[in-house]
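Report on the structure
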Amino acid sequence: SVRMYAMGLHAYRKREFGIAAETFQAAIDSTGDGPSKVLLERCHKYMEHPPPKDWKGDYLAEGK
């Protein structure tokens, strides 16, 4: 849902990747939300390899 996505995005931008991942997963489970799938993958990546301290929520694609 849009509400779940917005909540996940808020947590994502605050670097709360675990909370964001749970919220994006809930959005995926309830509606199959495509953007939540993309950000869920990024959350998993950032949980393993956190972005730099000056990160502002941007994402640099590594390929097509």
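What counts as what
- In this convention, every chain numbers its residues from 1, walking through the sequence in written order.
- For this predicted model, a pLDDT threshold of at least 70 governs which residues receive local features, and a threshold of 80 or more governs which side-chain atom pairs are given and counted, while totals over whole chains, interfaces and linings are taken from all residues.
- Calculated side-chain values reflect all of the structure's heavy atoms, with hydrogen atoms and water omitted.
- Each pair of aromatic rings taken from Phe, Tyr and Trp, with Trp reduced to its six-membered ring, is defined by centres within 6.5 Å and is described as stacked if the planes are under 30 degrees apart, edge-to-face if over 60, and tilted in the remaining cases.
- Buried means the residue's accessible area, taken with a 1.4 Å probe over protein chains only, is under 20% of the maximum for its type, while exposed means over 50%, and partly exposed covers the values in between.
- Only DSSP runs of H or I covering at least 4 residues are called helices, and only runs of E covering at least 2 are called strands; the numbering of each starts at the N terminus.
- By this rule, a helix spans an expected 1.5 Å times one less than how many residues it contains.
- When checking whether two residues touch, look at their non-hydrogen atoms; a contact exists if any pair is within 4.5 Å.

**Description of the packing of aromatic side chains**
- Taken as a whole and judged by the stated rule, the model has 7 aromatic pairs.
- Relative to F17, the ring of Y12 lies with its centre 5.7 Å away and its plane at 75°, an arrangement referred to as edge-to-face.
- A relative accessible area of 6% places F17 in the buried class.
- Relative to Y46, the ring of F17 has its centre 5.2 Å away and its plane inclined at 40°; by these criteria the two rings are tilted. With F17 in helix α2 (residues 17-31) and Y46 in helix α3 (residues 34-48), this pair connects stretches of sequence that are 29 residues apart.
- Residue classification places Y46 among the buried positions, given a relative accessible area of 9%.
- Pairwise contacts between aromatic rings join Y12, F17, Y46 and W55 into one cluster.

**Focus on the environment of G34**
- Structurally, the position occupied by G34 is in helix α3.
- According to the relative accessible area criterion, G34 is partly exposed, its value standing at 34%.
- Sequence separation between G34 and Y12 is 22 residues; the distance between their C-alpha atoms is 16 Å.

**Description of α2**
- Here α2 is 15 residues long and its end C-alpha atoms lie 21 Å apart, about the 21 Å a rise of 1.5 Å per residue gives.
- Along α2, the residues that are buried comprise F17, A20, A21, T23, F24, A27 and I28.
- Looking at the buried residues of α2, the elements they touch are α1 (2-13) and α3.

Take it as geometry only, folks, not as evidence of what the structure does.
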